[in-house]
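Each chain, written out:
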Amino acid sequence: MAAWARAVRGLLLDVSGVLYDSGGDGGVPIAGSVEAVRRIKASGLKLRFCTNETQATREKFVKKLQGMGFDISVAEVTAPAPAACRILKERSLRPHLLVHNGRTKLQQTLGHVGGHPRKMWAFATEQRYYKETDGLKLDVGAYMKALEYACDVQAEVVGKPAKMFFESALAEMGVPPQQAIMIGDDIVNDVGGAQRCGMRALQVRTGKYRPCDENHPHVKPDAYVNNLAEAVDIILQQL
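Bear in mind the structure is a predicted one, so any value in this text is a computation, not a measurement.

A count of helices and strands for the chain gives 7 helices and 12 strands. Counting only residues that meet the buried cut, the chain has 51% of its 239 residues in that class. Long-range contacts, defined as pairs at least 24 residues apart, comprise 63% of the intrachain contacts of the chain with a sequence gap of at least 6. About 11,300 Å² of surface is accessible on the chain, with carbon and sulfur atoms providing 51% of the total.

Let us now look at helix α2 (residues 58-67). Those residues of α2 that fall on the buried side of the exposure criterion are Phe61, Val62 and Leu65. Axial view of α2: buried residues confined to an arc of 95°, hence all on one face. In α2, those exposed residues whose orientation departs by more than 90 degrees from the buried face are Lys60, Lys63 and Gly67. Contacts made by the buried residues of α2 are with β2 (20-21) and β5 (77-78).

Moving on: the sheet that holds strand β12 (residues 223-225). Two strands in a sheet stick together by hydrogen bonds in their backbones, pointing the same way (parallel) or opposite ways (antiparallel). Reading across the sheet, the 6 strands line up as β5-β4-β1-β10-β11-β12 and stay open at both edges, with parallel pairing between neighbours. Each edge of the open sheet is held by one strand with a lone partner, namely β5 and β12. Here strand β11 (residues 200-204) pairs with β12 via 3 bridges, running parallel. Paired with Gln203 across the two strands is Tyr224, which belongs to β12. Across the sheet, helix α7 (residues 228-237) lies against β1 (10-13), β10 (180-184), β11 and β12, angled at about 160° from β10, the strand it touches most.

Another aspect to go through is the confidence of the model for the chain. Scored by pLDDT, the chain comes out at a mean of 84, with 82% of its residues at no less than 70. A low-confidence stretch, residues 102-120 stays under pLDDT 50, and its non-local contacts, those more than four residues away or across chains, total 51 contacts.

Within the element layout of this structure, Met144 appears in helix α4 (residues 141-151). When the C-alpha atoms of Met144 and Ala155 are compared, they prove to be 7.4 Å apart, with 11 residues separating the residues in sequence.

Our next topic: the pairing of β10. Among the 5 residues of β10, 5 are classified as buried, and the element is accordingly described as predominantly covered. In β10, alternate side chains face the same way, and those of Ala180, Met182 and Gly184 on one face and Ile181 and Ile183 on the other are all buried. Across 4 bridges, the pairing between β1 and β10 is parallel. Directly across from Gly10, in β10, lies its bridge partner Ala180. The pairing of β10 with β11 spans 4 bridges and is parallel. Among the inter-strand pairings, Gly184 is bridged to a residue of β11, identified as Gln203.

Turning our eyes to something else, we now look at the side chain of Thr206. By secondary structure assignment, the location of Thr206 is in the loop between β11 and β12. The contact partners of Thr206, leaving out residues within four places of it in the chain, are Gly17, Val18, Ile30, Asp185, Asn226 and Asn227.

Our next topic: unusual backbone geometry. For the peptide bond that leads from Lys160 to Pro161, omega is 10°, which places it in the cis range. Position of Pro161 relative to the elements: it lies in the loop between β9 (156-157) and α5 (163-173). Phi is positive for Ala7, close to 55°, though the residue is something other than glycine. Here Ala7 is to be found in the segment before β1. Here Ala7 falls in the exposed class, since its relative accessible area comes to 60%.

About the thresholds
- Residues numbered from 1 in each chain as written.
- Predicted model: local features only at pLDDT ≥ 70, side-chain atom pairs only at ≥ 80, totals over all residues.
- Heavy atoms only, no water.
- Helix = DSSP H or I, 4+ residues; strand = E, 2+ residues; numbered from the N terminus.
- Buried < 20%, exposed > 50% of the residue type's maximum accessible area, 1.4 Å probe, protein only.
- Contact = heavy atoms within 4.5 Å.
- Areas by Shrake-Rupley, 256 points an atom, 1.4 Å probe, with all protein chains shown as cover.
- Arc of directions from axis to C-beta.
- Pairing = 2+ DSSP bridges.
- Axes fitted to C-alpha atoms, helices over the stretch in contact; angles between N-to-C directions.
- pLDDT = per-residue confidence, 0-100.

Quick look at the structure:
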């Protein structure tokens, strides 16, 4: 019996590396993940999809996943861009945005430069890398650190592993952290961030997972699972 799988009311799923591997051709689903999502929904468990995706709007992102066969809606996705927009409005800030060419909506809030050029405040994520079908790719975290050094300030992260990000997802589900499990492939941003929020967290051996993650000096998942399908099997057996 897996003690970590007991008394669960809600699941938070990372997307890239857990549901699918991204790539230039749009990506491919990870084996068993489409059916795993269907089984979660049929079980009655609350569900949120938690992503640091910043290269597309949630609408386009969800449409791509639906095309792969996933049962997912925009309302079920927690992402950094809406959180960044909310903070901008709450603090009455006028942002300087760095976005992908040809985009018309906010996709990646990299920083706000106010009256002083050293006032750089927000990043969507601090991830070092992510995985596509042809291998690992450098993520925005490297650029965040470079700008922190250049501006001599500490950036504010609005995506994973920020506590505010996970608290927002939990509030949207209406589930306390003690009754939720995060499932992700990133040992620091998924697992570490969720555990700091009081949740249990699993690391899948798909996506960006590497065997060296199991020797991380600071973060230890509540369990390792081979993939999302295996995690769902264990959790549903405990219901």
